[in-house]
Amino acid sequence: GRPTGRRARRTRHRRARAEQARLAVRKTERDSRWKRHAPRSGVMLGRFLPVHHGHLHLLEVARAMSPELLVLVSAGPDDPIDGALRVEWLRELAPTVRVELATGLPTGARGSADPTWLDAAEDLVLQHCAARPQALYGAEPAHAQLAARLEVPHRAVDPQREGVPVSGTLVR
C-alpha cells in the first residue's frame, strides 16, 4: 500500500529535494542565457482563442508599461482556430507589438501550476526572449507562477475581469 507516517514524510522530503535540485539546474541554465536585462521589455503568453476585448485591454496596459512588448501566442494542433491566424489578428490589432507563434505547451495542463506546463512555458519564454524582460503580464494564476519561476515581476491586469468582463472560455 501507500507509505504512512515517517516513511511517507521521508518520501515527500526526497521528492521535494529532487524538485528543488531540478529547478536549481533550470535556474542556472536560465541565468547563463539571460546575462542582461531588457529594462523596457515585457512578455505576455496566452492562447488568444479567440482574441477578445479583455486581451486588447491587457495589450494596451502592458504596452503602456513596457514599450518593447512581446506577445507569445500559444497554439496546439487541436485548437479550433489556427495559431498563425491568431498571430495575424494580433499583429493587425497591435502593429507596434512583436507577436510570435509559440508551440509546445502541453494542452492537458494548460494554465495550471503543473510543473510540466511551467517548464514548457519557461522554455518558450527563454526561446523567444534574448534578455530578461522587466515583467510578465497576464490575468491567470499560472502567469504569476511563471513569473516567479522566471524571477521577473508579474503584472496582473484585471484578474477578476471587472474592467472588461470577458473570458475566452465563455466566448468559446
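Use the structure listed above.
Residues numbered from 1 in each chain as written. Predicted model: local features only at pLDDT ≥ 70, side-chain atom pairs only at ≥ 80, totals over all residues. Heavy atoms only, no water.

A. How the structure looks around the pairing of strand E4 (residues 132-138). Among the 7 residues that make up E4, 6 are buried, leaving the element largely enclosed by the rest of the structure. In this structure, E4 lies alongside strand E5 (residues 154-156), joined through 3 bridges in parallel fashion. Within the sheet, the bridge partner assigned to Leu 136 lies in E5 and is His 154. Once the chain exits E4 it traverses helix H5 (residues 141-150) before rejoining the sheet at E5, and the crossover so formed is right-handed. (Buried < 20%, exposed > 50% of the residue type's maximum accessible area, 1.4 Å probe, protein only. Helix = DSSP H or I, 4+ residues; strand = E, 2+ residues; numbered from the N terminus. Pairing = 2+ DSSP bridges. Right-handed = clockwise from strand over helix to strand, strands pointing away.)

B. Representation of a nonpolar patch on the surface within the structure. A surface patch of nonpolar side chains, amounting to about 260 Å² of accessible area, comprises Leu 85, Trp 89 and Leu 93. The residue Leu 85 is located in helix H3 (residues 83-93) in this model. Take Leu 85: its relative accessible area is 34%, and that puts it in the partly exposed class. (Patch = residues over 30% accessible without salt bridge, like charges linked within 9 Å, V, L, I, M, F, W, Y side chains within 5 Å. Areas by Shrake-Rupley, 256 points an atom, 1.4 Å probe, with all protein chains shown as cover. Salt bridge = Lys/Arg side-chain N within 4 Å of Asp/Glu carboxyl O.)

C. Focus on the nonpolar core. Counting 19 residues, the largest nonpolar core has Leu 45, Leu 72, Leu 105, Trp 117, Leu 136 and Leu 146 as its most contacted members. Of all the secondary-structure elements, those providing two or more residues to this core are strand E1 (37-46), strand E2 (68-75), helix H4 (115-128) and H5. Here this core takes 6 residues from H4, the largest share from any one element. Setting aside chain neighbours within four positions, we find Leu 105 in contact with Leu 45, Ser 74, Trp 117, Ala 120, Ala 121 and Leu 124. Listed in part, the 17 residues of the second largest apolar core include Val 51, Val 73, Leu 90 and Tyr 137. (Core = buried A, V, L, I, M, F, W, Y, C linked by side-chain atoms within 4.5 Å. Contact = heavy atoms within 4.5 Å.)

D. Here's a closer look at the environment of Ala 144. The topology assignment puts Ala 144 in helix H5. A relative accessible area of 32% means that Ala 144 is categorised as partly exposed. In sequence terms Ala 144 and His 154 are 10 residues apart; their C-alpha atoms lie 5.5 Å from each other.

E. How the structure looks around H3. Along H3, the residues that are buried comprise Gly 83, Arg 86, Val 87 and Leu 90. The buried residues of H3 occupy one face: seen down the axis, they fall within an arc of 105°. In this structure, the buried side of H3 is in contact with helix H2 (53-65), E2 and strand E3 (98-103). A side-chain oxygen of the first residue of H3 lies 3.2 Å from the backbone nitrogen of Ala 84; this N-cap is Asp 82. (Arc of directions from axis to C-beta. Polar contact = N/O pair within 3.5 Å; in protein donor to acceptor, adjacent residues only side chain to side chain.)

F. Representation of unusual backbone geometry. Of note, the amide linkage connecting Leu 49 to Pro 50 takes the cis form, showing an omega dihedral of -5°. Relative to the elements of secondary structure, Pro 50 occurs in the loop between E1 and H2. A positive phi angle is found at Phe 48, which is not glycine, with a value near 55°. Summarising the element assignment, Phe 48 is placed in the loop between E1 and H2. Look at Glu 151: it is not a glycine, yet its phi comes out positive at around 60°. Along the chain, Glu 151 falls in the loop between H5 and E5. We classify Glu 151 as partly exposed; its relative accessible area is 40%.

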